Amino acid sequence: MALLEVSKLRMQFGGLLALDDVDLTIDERQIKGLIGPNGAGKTTFFNCVTGVYQPTSGSVTLDGKSLLRRKPHQVTKLGIARTFQNIRLFANMTALENVMVGLDARNRTSVPGAIARPPRARREEREAVVNGHDLLKRVGIGHLADNVSKNLSYGDQRRVEIARALGTRPKLLLLDEPAAGMNPSEKASLMVLIRSIREEGITILLIEHDMKVVMGICEDVVVLDFGRRIAGGPPEVVQRDPQVIEAYLGAGAAGTADAAGA
Amino acid sequence: MKIVSAIVVLIAAGLLMLAQRRWGERVTASFDRQRRWAFPVSFTAFFLAAALLPVWLNVAQEELAVSVGVFALLSLGLNVVVGYAGLLDLGYVAFWAIGAYTMAILGGTGPLHFAHLSMWEIMPIALVVALLAGVLLGGPTLRLRGDYLAIVTLGFGEIIRILAENLESVTRGAKGITNIPSGELPNSNPVMRAVIHAGIHIENFWIRVYNWFAPGPDHPTRTASRAKSIVFGVNPIPYYLLLLAVIVIMSLVIRRLNDSRVGRAWAAIREDEFAAEAMGVPTLKYKLWAFAIGASTSGFSGVIYASRVRFVDPESFVFIISITILAAVVLGGAGSIAGALAGGAAVTLIPEVLRSLPQRFQDARYGIFGATLILMVIFRPQGLIPSRRRAAELKGGAEETKGPIGAGLPAEVTTGGADGAA
């Protein structure tokens, strides 16, 4: 059954058509890849789905509920979490505090509760600490919980970001170039992590440039170029699609090159 | 000599607070477990010392202590807006003015005579009025970021002052409102009468405490122990103690807020608003809360100020006051409760201390004050009593905040190489 259904999504910024009637559906527990050359509209697509931009036209539904005209924090509560292309942790907060902000998306204590501290508020706070530690262990950095996040290594920051996103208890996780800047062994363990997140029942949509990662974990791939969907299907098939090769390597390369090399 | 001893007491108290440095700073419950006693001990010690302070002061110094209290409370409130939520508010004086004018108008001495309430009845009303003003200003403007918010709040501060100047039928314009009721308890209803009755016992207890601490019998203030009365009227001490009580309550409230989901949300907004929103933080709601809490604290301070000074006019609420309070927050250490209080005290006391300079330096008094602030910002940008987090933010501001690429080189790479060699 389709979890996320996007149809005819169009995003126009003045004279620039960033997304041109893009269709995309993701089934529950699928790992789907969104690829395309730089400037193809991948991150814009994420921003339209998560409420950062209001699309010009089209529809976006999660579990049958429309996501249009909702603010990002409301979309998060409906069950979509994301990470960012350039890591956007709360740099001066510890890893644990970062994850607790994510967990707070499901908490209800507000200002009166924080002052009066009824039992529910205390319980939420205790659980946030415990669950925060659990999530950090889950992504393999339990021992770094009390480190200020800007002092963590690049790969660990990525992990904190994923843990923070998981803290919001998403149905769908959007990962924006999670492997960027990682070395091969970090990439390998990231792939293991992403697969294990799916095993828990979370659906994943991932933007990635690294073809090894895409081919390694995605069951299905959608290719964007200049805001248009130019191909879609299993990675092995998409990889050989002449249009995709052309988008990555330019016209004329289709006969000789392999998109995986891009 | 007395001013010296008062300053010594304040410095000692400040050191006490400095010793544990963590007021209103814990963001997670897991932080700081081993030092749970430190906060209650230093907090109680400081406020007990502050409550006894009038014993050693003369009337002029007591007046000064009230000003310190007024500014400390203002700075405590602005600290929530600037220090926690990271919103630059340049019109904070507006809420102080709203509190003060609410007191003046509802106290029944302005041109409008529809109510003759006492300070105690006006306090909750002013709290709500200032809070509403905060929400009304914040609702549309908190969608703006950074510099734009600063400009809009600056305008708001001026609008309120100009309104006070021109709405003559309500505020008597530039002439100001005089004869504002002092903080006497109204004996209009049985509850208040009971309070007054209890107050007599508290008063007697206070006088006994005072006599116990007061200097020897030959000391001039000794015979005038009635002058240390805590009955609201001409005497400044009750206002000082009331301000102190409000500061204690607000400090605890703000500390609890900071040490909860709300504080985490504020920190997240300050660090990266876009990411905070994406992680499910309703950013507008929490910014509004910060604004409303700051505004109502300021309104409260305004009520007590108006009732103490018994006179308000638009000139009391000029732009420079907003800047002074902001300076207090920055000087004290943004994001730290102890820092806000110390900063509020500093901006009130430094110009007064400079009065003791020789006559020929008197004209340069505010120049020296300004220079002190500049030196402070250059050599100790994190403030007198900084919050650890804010200190880290300032330090990291110039650097790249991301971990260096490659620093995360996993152990396998190096050990793998070693294995290969073996």
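Predicted, not measured: the structure shown is a model, and the values here were computed from it.

Participant: Could you give me a rundown of the overall build of chain B, with the residues and numbers involved?
Facilitator: Regarding its fold elements, chain B presents 17 helices and zero strands. Taken across its 422 residues, chain B has 45% of its residues classed as buried. For chain B, contacts bridging at least 24 residues in sequence account for 76% of all contacts bridging at least 6.

Participant: Can you tell me about the sheet that holds strand β5 (residues 65–66) of chain A, naming the residues and giving the values?
Facilitator: Residue and element names in this part refer to chain A. A sheet is described by the order of its strands in space; here four strands give the open sequence β2-β1-β4-β5, paired in antiparallel fashion. Where the open sheet ends on each side, the last strands, each with one partner, are β2 (16–27) and β5. As paired elements, strand β1 (residues 2–13) and strand β4 (residues 57–62) share five bridges and run antiparallel to each other. Paired with R10 across the bridge in β4 is S57. Together, β1, β2 and β4 form the strand contacts of helix α1 (residues 42–49), whose direction differs from that of β2 by roughly 70 degrees.

Participant: Describe the environment of Y92 of chain B, listing the residues and the values that go with them.
Facilitator: The residue Y92 of chain B is located in the loop between α3 (59–84) and α4 (93–106) in this model. For Y92 of chain B, the contacting residues outside a window of four places in its chain are L78, S298, S322 and I325 of chain B.

Participant: Describe the nonpolar core, listing the residues and the values that go with them.
Facilitator: Residues and elements named next belong to chain B. Within the largest apolar cluster, 185 residues are counted, with the highest numbers of intra-cluster contacts made by A97, A100, M103, L243, A290 and V303. It is α3 that contributes the most residues to this core, 14 residues altogether. Residues contacting V303, with those up to four places away along its chain left out, are G99, A100, T102, M103, M119, I122, M123 and A126.

Participant: Give a detailed account of the environment of M215 of chain A, specifying residues and quantitative values.
Facilitator: Here M215 of chain A is to be found in helix α8 (residues 211–217). Linking M215 of chain A and E236 of chain A, residues 21 residues apart in sequence, is a C-alpha distance of 7.5 Å.

Participant: Outline the packing of α3 of chain B against helix α9 (residues 237–258) of chain B, supporting the account with residue identities and numerical values.
Facilitator: All names here are of chain B. Running from N to C, α3 and α9 cross one another at 15 degrees; their axes reach a closest spacing of 9 Å. What the angle tells us is that α3 and α9 run roughly parallel. The chirality of how α3 crosses α9 is left-handed. Across the interface between the two elements, E62, A65, V66, G69, V70, A72, L73, L76, V80 and Y84 from α3 touch I237, Y239, Y240, L243, L244, V246, I247, M250, S251, I254 and N258 from α9. Residues that form the contact of α3 with α9 fall into these classes: 17 nonpolar, three polar and one charged.

Participant: Describe the packing of helix α5 (residues 119–138) of chain A against helix α6 (residues 154–167) of chain A, listing the residues and the values that go with them.
Facilitator: Residues and elements named next belong to chain A. α6 packs onto α5 with a crossing angle of 130 degrees between their chain directions and a minimal axis gap of 9 Å. Our classification of the angle between α5 and α6 gives oblique. Here α5 runs over α6; the crossing is right-handed. In contact with L135, L136 and R138 of α5, α6 contributes A163, L166 and G167. Broken down by class, the residue content of the contact of α5 with α6 amounts to four nonpolar, one polar and one charged.

Participant: Tell me about unusual backbone geometry, and please be specific about residues and values.
Facilitator: Residues and elements named next belong to chain A. Here D63, not a glycine, exhibits a phi torsion of approximately 55 degrees, which is positive. Position of D63 relative to the elements: it lies in the loop between β4 and β5. Residue classification places D63 among the partly exposed residues on the basis of 14 C-beta atoms within 10 Å. The phi torsion at R117 lies on the positive side, around 50 degrees, for a residue other than glycine. Owing to 15 C-beta atoms within 10 Å, R117 belongs among the partly exposed residues under this scheme.

Cut-offs and rules
- Residues numbered from 1 in each chain as written.
- Chains lettered and ligands numbered in written order.
- Predicted model: local features only at pLDDT ≥ 70, side-chain atom pairs only at ≥ 80, totals over all residues.
- Helix = DSSP H or I, 4+ residues; strand = E, 2+ residues; numbered from the N terminus.
- Buried ≥ 20, exposed ≤ 12 C-beta atoms within 10 Å, placed from the backbone.
- Contact = placed C-beta atoms within 7 Å.
- Pairing = 2+ DSSP bridges.
- Axes fitted to C-alpha atoms, helices over the stretch in contact; angles between N-to-C directions.
- Core = buried A, V, L, I, M, F, W, Y, C linked by C-beta atoms within 7 Å.
- Parallel < 35°, antiparallel > 145°, perpendicular 65-115°, else oblique.
- Left-handed = near helix turned anticlockwise from the far one by under 90°.
- Nonpolar A, V, L, I, M, F, W, Y, C, P; charged D, E, K, R; others polar.

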